[in-house]
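Each chain is listed here by its residues.
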Amino acid sequence: MSGKEGREKIVRLWFDMWLKKSDLGIPDIFADDAVYIESWGPEYRGAARIRQWFEEWNTRGSVLRWDIRQFFHKGDQTIVEWYFKNAMNDGQIQAFDGMSLIEWRDGKIRLLKEFGCNENRYDPYRNGAEPHFRDERTLWF
């Protein structure tokens, strides 16, 4: 697929696959030598490894929401702004805002790099010049 409509359709399919916990065509979405970088560090090289990660991850958790907010297109790149929420089998629930930088080649994703942003934001200078940060566990992204 080419053009922004085709690219958006591919991204929506990828997100839907996570919501449905079903591989609906990873080799049709990702180039054989694609690279996928999660916001918190893991990197998967090749469509086969991306498929392995997808299948394995879905045995440990479920994506509850992956809402697309907007797309930006420029040349062979797309940026997608989204909201994500998952629940792991151990009971842990995570949610955050994010963006994906996607590079395309021949109608397939050749690079996807995720960026995350904590949804629980605050102003550390609300009470004066000295910053006061929350005493909480830092999220994984």
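Conventions and cut-offs
Residues numbered from 1 in each chain as written. Predicted model: local features only at pLDDT ≥ 70, side-chain atom pairs only at ≥ 80, totals over all residues. Heavy atoms only, no water. Core = buried A, V, L, I, M, F, W, Y, C linked by side-chain atoms within 4.5 Å. Buried < 20%, exposed > 50% of the residue type's maximum accessible area, 1.4 Å probe, protein only. Helix = DSSP H or I, 4+ residues; strand = E, 2+ residues; numbered from the N terminus. Contact = heavy atoms within 4.5 Å. Phe/Tyr/Trp six-rings, centres within 6.5 Å; stacked < 30°, edge-to-face > 60°.

Caption draft 1: Region of the structure containing the nonpolar core. In terms of nonpolar packing, the biggest core is built from 30 residues, with Trp14, Phe30, Tyr36, Ile50 and Trp66 touching the most fellow members. Only α1 (3-20), α2 (26-29), β1 (30-37), α3 (47-60), β3 (61-74), β4 (77-88), β5 (93-105) and β6 (108-118) provide two or more residues apiece to this core. The greatest single-element share of this core, amounting to six residues, is contributed by α1. When near neighbours in sequence (up to four residues on either side) are disregarded, Tyr36 contacts Trp14, Phe30, Pro42, Glu43, Tyr44, Ile50, Trp53, Trp66, Leu112 and Glu114.

Caption draft 2: Local environment of the packing of aromatic side chains. In this structure the tally under the stated criterion is 19 aromatic pairs. Ring centres of Trp66 and Trp82 lie 5.5 Å apart, and the angle between their planes is 85°; this geometry places the pair in the edge-to-face category. Here the residue Trp66 occupies a position in strand β3, and Trp82 occupies one in strand β4, the gap between them amounting to 16 residues. As far as the burial class goes, Trp66 and Trp82 line up, both buried. Arranged with centres 6.2 Å apart and planes meeting at 70°, the rings of Trp82 and Phe84 form a pair that is edge-to-face. Note on Trp82: relative accessible area 1%, which makes it buried. Of the residues examined, Phe84 reaches a relative accessible area of 9% and is grouped as buried.

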